[in-house]
Amino acid sequence: MAFETAISGLNAATTQLDIASNNIANVNTNGFKQSRAEFADIYTGSNLGVSSLAVSRGVRTAAINQQFDQGNIKSTNNNFDLAISGGGFFLLQDNGSQVYSRAGAFGVDRSGFVTNSAGQKLMAFTVDTAGMPAGSPLPLQIDTSDVAPNATGQVDVGVNLRATAPVVSVTPFDPNVAGSYTNSSSLTFYDSLGNPHDTVLYFVKTAANTYDTHLVMDGTEITPAAGGTIVFGTDGKIQSPASGQVAYSPTPVPGATDISVTLNYAGATPTTQYGDTYSVNALDQDGYTTGRLATINIDETGRVFARYTNGQSRLQGQLALANFANPQGLRQAGNNAWIETFSSGIPLVGIGGSARLGTVQSGALEDSNVNLTEELVKLIMAQRNFQANAQVIQTEDRVTQTLMNIR
């Protein structure tokens, strides 16, 4: 019996050595979770009421559990390197089946899908017009097409016109004659093809608290649809037009749609006439030229933004994360991935920062959670256990040999 007990001890020590060596081998594997062996003793039975006569038969490996505690997060220079700070797993598609991983080293394949080195595709929710996740997760595919241009339609003008500025005496208005206007500001309009047009806005003080406005694009003045005069009240705020807006007649542009623009002087930063100097506080227009994909940014909730050379951005989707009632019930599938089992329960899928799901860090990777010093100590302990059980076999062998030698 001692032979069997010692052999079970040797097997347990070997298992402990295997687990420790695997942990050590993966000390630099991103997203790796260390394993731990749990042992239980073996009893063949006992005499009823006499527990002291219970016969022990050694040890068995009761379970090998993974430890899903957080690994250190290190920064990288790749926006597609992702780490989860907190609970949860990345949801991946592997040849039609779903797997789960904490390893976030991703890139873009030739079809635009975000994948890892094993070719598994990162899953994400599509987003509706309000930017909210919708439907079931699908493989995340980056749209690399250009952003279509947008013609200028509205300009928010927020300037301060000096209240003590003198009335202009040089008439008529001529953009080439400095004395024929009070102040000016330049900006760029865009047509429907994304072509830029140099534009200058002129202010001409014609009377107390009264300014005529002139808009000149590509050297030609654009005609306002209904006057271009701004009248201020004694409080320095716009009194007329009541809406604070001046609309201009459609202006022909060769090869493009006519530009129809409205200047809004009563926006978030309104135009005023105070005693300060002339200053431009806001000059924002809604037009832009064609944009090429410049970079991809991912926020902490997993929203994927494509940013373009024209300053625009487009929401591509929102990463899907999954968690389980019992993560230790997951089964390892290789390539730093796990698959669900009956013991793990069904995946609870959501977005970063919700429920029990952690937040997403872009430009970072999660290190292995292996404590190398601890594993080296475990190696020594497993070696000593192996030696001790081997010594039991040697001792039992000598006892048996002694019995064999009795005459």
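Structural notes, computed from the coordinates. If you're wondering where the values come from, they're calculated on a predicted model, not measured in any experiment.

**A short note on the pattern of salt bridges**
Part 1 of the reasoning: Enumeration according to the criterion identifies 8 salt bridges in this entry.
Part 2 of the reasoning: The closest approach of N and O atoms between Asp299 and Arg303, which form a salt bridge, is 2.8 Å.
Part 3 of the reasoning: Of the residues examined, Arg303 reaches a relative accessible area of 33% and is grouped as partly exposed.
Part 4 of the reasoning: In this structure, the salt-bridge partner of Lys378 is Glu374, at a minimum N-O distance of 3.5 Å. Linking Lys378 with Glu374, this pair stays in helix α2 (residues 372–404), spanning 4 residues, or about one helical turn.
Part 5 of the reasoning: Overall, the relative accessible area of 19% leaves Lys378 in the buried class.
Part 6 of the reasoning: Accessibility expressed as a relative area gives 37% for Glu374, which makes it partly exposed.
Part 7 of the reasoning: Through salt bridges with shared partners, one network takes in Lys33, Arg102 and Glu366.

**So, helix α1 (residues 2–25)**
Part 1 of the reasoning: Between its first and last C-alpha atoms α1 spans 34 Å; for 24 residues at 1.5 Å apiece the expected length is 34 Å, and the two agree.
Part 2 of the reasoning: Among the residues making up α1, those that are buried are Ala6, Ser8, Gly9, Leu10, Ala12, Ala13, Thr15, Gln16, Ile19, Ala20 and Asn23.

**Observations regarding the pairing of strand β16 (residues 229–232)**
Part 1 of the reasoning: The alternating pattern of β16 places Ile230 and Phe232 on a buried face, while none of Thr229 and Val231, on the opposite face, is buried.
Part 2 of the reasoning: One ladder, built from 3 bridges, connects strand β14 (residues 210–217) with β16; its direction is antiparallel. Note that in β16 the partner of Tyr211 across the bridge is Ile230.
Part 3 of the reasoning: With 2 bridges joining them, β16 and strand β17 (residues 238–240) adopt antiparallel strand pairing. Paired with Val231 across the bridge in β17 is Ser240.
Part 4 of the reasoning: In textbook terms, the turn of a hairpin is the stretch between consecutive antiparallel strands, and for β16 and β17 this stretch comprises 5 residues, one of which, Gly236, has a positive phi near 85°.

About the criteria used
- Residues numbered from 1 in each chain as written.
- Predicted model: local features only at pLDDT ≥ 70, side-chain atom pairs only at ≥ 80, totals over all residues.
- Heavy atoms only, no water.
- Salt bridge = Lys/Arg side-chain N within 4 Å of Asp/Glu carboxyl O.
- Buried < 20%, exposed > 50% of the residue type's maximum accessible area, 1.4 Å probe, protein only.
- Helix = DSSP H or I, 4+ residues; strand = E, 2+ residues; numbered from the N terminus.
- Expected span 1.5 Å × (residues − 1).
- Pairing = 2+ DSSP bridges.

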